Amino acid sequence: MSADSRTRRALSALRHDPPAVAGAAVLLLLVVVGVAGQWLAPAGVNDVDVDQMLHPPSWAHPFGTDELGRDVLSRVLVAARVSLQVGVVSVGIALLVGATIGLIAGYYQGWVDNVLMRGMDVLFAFPVLLLAVAIVAVLGPGLLTAMIAIGVVYTPIFARVTRAGVLSVREQVFVRAAVSIGASDLRIIRRHVLPNIAAPLIVQTSLSLAFAILSEAALSFLGLGVQPPAPAWGRMLFDGRGFVTEAWWLGFFPGAAIFLTVLAFNLVGDALRDVLDPRQLTLGEARRSTA
Amino acid sequence: MTAEPVLAVEDLTVTLGTRRGPARAVAGVDWSVAPGRTLALVGESGSGKTMSVLAATGLAPRTARVTGRVRLLGEDLTALPPQRRRVLRGRHVGFVFQDPSTSLNPVLTVGRQVTEAAEEHLGLTRRQARDRAVELLELVGIPSAARRVDEYPHQFSGGMRQRVVIAMALACDPALLIADEPTTALDVTTQAQIVELVAGLQERMGTAVVWITHDLGVVAGVADTVAVMYGGRIVEHGPVDDVFAAPGHPYTRALLAARPRPGHRDADLPAIQGSPPSPLDLPAGCAFWPRCPVRGDARCEHELPPLTEVGPAHRVRTFYPSPPTGEDR
Amino acid sequence: MSRFILRRLLQSAVVLLGVTLVVFLLLQLVPGDPVRVALGTRFDPQTYEALRSRAGLDRPLLTQYLSYVGNALTGDLGVSFRSGQPVTTIVLERLPATLSLALTAVLIAVLIALPLGVLAAVRNGSALDHAARVFSQFGVSVPDFWMGIMGILLFAGVLGWLPPSGYVALTDDPAGWLSHVLLPAATIGLVTASILTRFIRSSVLEVLSADHVRTAEAKGLRGRVVVLRHVLRNALIPVVTVVAVQLASLLGGVIVVEVLFAWPGIGRLTYDAVQARDYPVLQGAVLLVAALFLVMNLLVDILYARLDPRIRVR
């Protein structure tokens, strides 16, 4: 079966999986909010209003107001873009770098493989968030460094998944046949290897997006993500934590936004895995750490 | 054959609930095995031979619906509560499954596994059980049994592992031994040894045996009676010599023709064209009809042939019991 | 078996060397002069020079690295840019707090996940199984700090049963420790439990369908005996290693939860070091955590080999 028809079959199978459909719907909504959040928001994210401080949810402010009287709903909506941006870019970095490393390691094997994968082992030896924090700490906090840090942290898992896929494809008859008739490495990789490792990579990507968004939220909770006054879900939680017993909405809504986003990616990712690559066990490895 | 059979099934039907609807794996099967005798159940995979035995002994998957009557040593198993059935099975029936590399628990010593049934059903203590395990391992021909009793399954070769499984099946001195393709996963020389071992043990202990196989070559050596299954039904049933001498069903003839014999090269063997029917969609008539070389009339396609007597205790489920003239293989 | 351990030991040593390199390079990545950055407004030339030479920053890079590794081997991880105290002391002081939190969290996780995962697998497709799946999906997706905040809201705010944050040493006041540890430990424990539940469920399911379980049933053993002796024993071997790996990563300090609950462990220390730009302390904490993580993983592999007779012999 070709990789293409497999993907098509997967997509049609997903349509009959209610959790996956729900997840996909939430993702669609998120993309809309991510693109148009600024225009959807009823108020400006930094409209301070000292007469409206810490107001509970009402018609005027459905998610209430924060300690500076800013509209929480507007901030939650606008912050969606940051989360998605960091998630997509960092996983993009991890996928690109990790898959390249895994491809080279698995295809050429030998000492190249050894050096590259030992390097990945080293990165794997750090708890995920700790490494991200350390990287951001030295590079200086901000949107770009958060993306780089999270990208670096998730690179090894992509390298491992890719390498495992390449190793199994390499031994197959059609690849050895291609090698024997003298096809170039690049051609073999493009025509034979890549289509066959696409499935595990797709699955890994969607699950990693969930973890990356969690990591971004954690970084911004620690003040290491996008810098104020720009709104970010994690940061809003951090700022709201001191008021939580008086103003529950400060802690509730941004957290619920993170939860729903991560849940949506997980639901879609799990469904993709069930269809595309049922043997892949990524959960334990990808999220070794909640730290 | 006047003695009360050890195990007898009557009109046994097994329906499996699958994602794509109910699948009738076994459709109204009768067979029995007398003390000390051997019944061979023969058929391709999916013919229902294994499922009929598992269902009879209460080991069918949870999704299976089983009807019919099963008598073990005179007790009607279908009327018994599951608890009692479990005890009867464990006490009186020994099982040898196909692949000894997976049918043993990898993390328990072989000694423990060989006699845990005896601990449960005969009330042996751990110490007695260990002595019994050594004895059983010696019985099945495992050298230095006293030492090897404490080893783990992966430390044994395939053939030795199957001997362990046989020892395990004999732990409670069963009245019946069920051997489900016990040689399929082994190499040829080991296969012969295992067949010989079981036959020898049977003679010594007077155990009845149900031997499930797709290999008619094995059947000739070990069985008294043979039942050929196809599409969940028995298509031919009779004394092994009669069936081999005068196979009545086209399917049996095809199986016999496909059997490798000395002096013939494998390439000359006529293979049976086509594949067995899906249990999800059994035909109304003879299940073998689409592949049948005889290819009778519309009756074969639409009407289920009854089991008809063609010799003493020799019955065949076909409208065309005698080999068509001039076409004997 | 000893050859297996030797090989893993060697592998871990190589990786650890790589870890020291990464940690060492962290300081080189700081844009500008790390000591100057760290001192900020407290800058004075004397302290500056002292710190620089103590950190060895005036020497060539390779020499710096070699002496960093050499010192680390003797337990010297440099001194804090802030307090001037040895980093090793600072980091080790925080270990008990993290240790007690991590162990409590894992205990909670196992107490939830073990029965839930096993029952979900044994009663595959039942209402309980569905509930277990919803629970684990929830736990894997929920940000732990959000759950922590909601926990504070409920148990400290609304109900007033537990203190919202803070730390009491176990050795000083066990009851006080317990009341303080419950919320953060439950926060981490629930997330860990959801991961474990999934893993246990699938591990048990896999063993349940194994041939040897049918063999055990054929022997007429009681259902309880089959599950305990022939299913759990096999299924829990990989689970033990997953629990240990989870514990290892929790020992790395659960930064966010420690910050949220003002729990003075390694994670909180890391956070403070980042805020204060106290790079030697950050490096020391990261190095210690990674080393702990490696050692734990090594122990896990050895443990696995001990538990599984198939590996034991090799």
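For the structure given in this document, a descriptive report is provided here. It should be emphasised that the depicted structure is a prediction, and the values quoted were computed from it without experimental measurement.

1. Thoughts on the interface of chain B and chain C
In this assembly, 25 residues from chain B lie in contact with 21 residues from chain C. Taken together, the connections running from chain B to chain C amount to 3 salt bridges. Note that Glu-116 of chain B and Lys-219 of chain C form a salt bridge whose closest N and O atoms lie 2.8 Å from each other. Put simply, the parts of the chain that give the side of chain B that touches chain C at least two residues each are helix 2 (82–92) and helix 3 (110–122) of chain B. The leading source of residues in the side of chain B that touches chain C is helix 3 of chain B, at 6 residues.

2. As for the interface of chain A and chain C
Opposite the 46 residues of chain A that make contact, chain C presents 50 residues. Here chain A and chain C share 1 salt bridge between them. Here Arg-198 of chain C ties to Asp-270 of chain A by a salt bridge, and the two come within 2.9 Å at their closest N and O atoms. The interface formed by chain A and chain C includes 5 residue pairs in polar contact (both at pLDDT 80 or more). Going through the elements one at a time, helix 4 (110–124), helix 5 (128–139), helix 8 (185–221), helix 9 (233–240) and helix 10 (248–276) of chain A are the ones with two or more residues in the side of chain A that touches chain C. Looking at the side of chain A that touches chain C element by element, the count peaks at 13 residues for helix 10 of chain A. Each residue belonging to the side of chain A that touches chain C can be placed in one class, and the counts come to 33 nonpolar, 7 polar and 6 charged.

3. Overview of the sheet that holds strand 5 (residues 75–76) of chain B
In sheet architecture, strand pairing relies on hydrogen bonds along the backbone and comes in two forms, parallel and antiparallel. Residue and element names in this part refer to chain B. Reading across the sheet, the 4 strands line up as 2-1-4-5 and stay open at both edges, with antiparallel pairing between neighbours. A strand with exactly one partner marks an edge of an open sheet, and here the two such strands are strand 2 (21–33) and strand 5. The pairing of strand 1 (residues 7–18) with strand 4 (residues 64–72) spans 8 bridges and is classified as antiparallel. For Leu-16, the partnering residue across the bridge sits in strand 4 and is Ala-64. Set on the sheet, helix 1 (residues 49–56) makes contact with strand 1, strand 2 and strand 4; between it and strand 1 the angle comes to about 105°.

4. As for the nonpolar core
Residues Leu-219, Phe-221, Leu-222 and Trp-233 of chain A together with Val-19 and Phe-145 of chain C are the most contacted members of the largest nonpolar core, which totals 195 residues. Among the elements that take part in this core, helix 8 of chain A stands out by supplying 18 residues, more than any other. For Leu-219 of chain A, the residues in contact, after removing those within four places along its chain, are Leu-129, Ala-132, Val-133, Val-136, Ala-146, Ile-150, Leu-224 and Gly-225 of chain A. Counting 58 residues, the second-largest nonpolar core is a separate cluster that includes Ala-117, Leu-137, Val-219 and Leu-255 of chain B.

5. Quick word on empty space enclosed by the protein
Overall, the coordinates contain 9 cavities of 30 Å³ or more when judged by the stated rule. Around the second largest cavity sit 16 residues that line it, and Gly-94, Phe-95, Met-168 and Ala-169 of chain B together with Lys-219 of chain C are the ones nearest its centre. Those elements that place two or more of their residues in the lining of the second largest cavity are helix 2, strand 6 (93–96) and helix 6 (158–169) of chain B together with helix 9 (211–218) of chain C. Residues that form the lining of the second largest cavity fall into these classes: 11 nonpolar, 3 polar and 2 charged.

6. Thoughts on unusual backbone geometry
Note that the residue after Pro-228 of chain A, namely Pro-229 of chain A, is joined by a cis bond; omega there is 10°. You can see Pro-229 of chain A is positioned in the loop between helix 8 and helix 9. Look at Asp-173 of chain B: it is not a glycine, yet its phi comes out positive at around 55°. Examined against the element boundaries, Asp-173 of chain B turns out to sit in the loop between helix 6 and strand 7 (176–180). Residue Asp-173 of chain B is classed as partly exposed on the basis of its relative accessible area, which comes to 46%.

7. Notes on the side chain of Lys-49 of chain B
Along the chain, Lys-49 of chain B falls in helix 1. A distance of 3.3 Å separates the side chain of Lys-49 of chain B from the side chain of Glu-181 of chain B, its partner in a polar contact.

8. What about helix 6 of chain B?
Because each turn of an α-helix spans 3.6 residues, side chains separated by three or four positions in sequence point in the same direction. An ideal rise of 1.5 Å per residue puts 16 Å on 12 residues; helix 6 of chain B measures up with 17 Å between its terminal C-alpha atoms. Of all 12 residues in helix 6 of chain B, 10 are buried; the element is thus mostly enclosed. If you check which residues of helix 6 of chain B are buried, you get Gly-159, Arg-161, Gln-162, Arg-163, Val-164, Val-165, Ile-166, Ala-167, Met-168 and Ala-169 of chain B. Packed against the buried residues of helix 6 of chain B are strand 6, helix 3, helix 4 (126–139), strand 7 and helix 7 (188–205) of chain B together with helix 9 of chain C.

9. Points about the sheet that holds strand 12 (residues 314–317) of chain B
Residues and elements named next belong to chain B. Ordered by their spatial adjacency, 8 strands build an open sheet running 6-7-8-3-9-10-12-11, and the pairing between neighbours is mixed. The open sheet has two edge strands, strand 6 and strand 11 (307–311), and neither has a second partner. Pairs of neighbouring strands in the sheet enclose a mean axial angle of 20°, with direction left out of account. Alignment of strand 10 (residues 233–239) against strand 12, held across 2 bridges, turns out to be antiparallel.

10. Concerning the pattern of salt bridges
Taken as a whole and judged by the stated rule, the model has 24 salt bridges over all chains. For Asp-224 of chain B, the salt bridge identified is with Arg-37 of chain B, shortest N-O distance 4.0 Å. In this pair, Asp-224 of chain B sits in the loop between helix 8 (216–222) and strand 9 (225–230) while Arg-37 of chain B sits in the loop between strand 2 and strand 3 (38–42), placing the two residues 187 residues apart along the sequence. Judged by relative accessible area, Asp-224 of chain B falls into the partly exposed class, the value being 29%. The shortest N-O distance in the salt bridge between Asp-129 of chain C and Arg-201 of chain C comes to 2.7 Å. Of this pair, Asp-129 of chain C sits in helix 6 (residues 127–141) while Arg-201 of chain C sits in helix 8 (residues 174–208), and the two are 72 residues apart along the sequence. Accessibility expressed as a relative area gives 0% for Asp-129 of chain C, which makes it buried. What emerges from the salt-bridge pattern is a single network uniting Arg-118, Asp-121 and Arg-160 of chain A.

The rules behind these values
- Residues numbered from 1 in each chain as written.
- Chains lettered and ligands numbered in written order.
- Predicted model: local features only at pLDDT ≥ 70, side-chain atom pairs only at ≥ 80, totals over all residues.
- Heavy atoms only, no water.
- Contact = heavy atoms within 4.5 Å.
- Salt bridge = Lys/Arg side-chain N within 4 Å of Asp/Glu carboxyl O.
- Helix = DSSP H or I, 4+ residues; strand = E, 2+ residues; numbered from the N terminus.
- Polar contact = N/O pair within 3.5 Å; in protein donor to acceptor, adjacent residues only side chain to side chain.
- Nonpolar A, V, L, I, M, F, W, Y, C, P; charged D, E, K, R; others polar.
- Pairing = 2+ DSSP bridges.
- Axes fitted to C-alpha atoms, helices over the stretch in contact; angles between N-to-C directions.
- Core = buried A, V, L, I, M, F, W, Y, C linked by side-chain atoms within 4.5 Å.
- Buried < 20%, exposed > 50% of the residue type's maximum accessible area, 1.4 Å probe, protein only.
- 1 Å grid on protein atoms, 1.4 Å probe; cavity = no way out; pocket = protein on both sides within 12 Å on 5 of 7 lines; lining within 4 Å.
- Points joined across faces, edges and corners; volume = space filled by probe spheres on them.
- Expected span 1.5 Å × (residues − 1).

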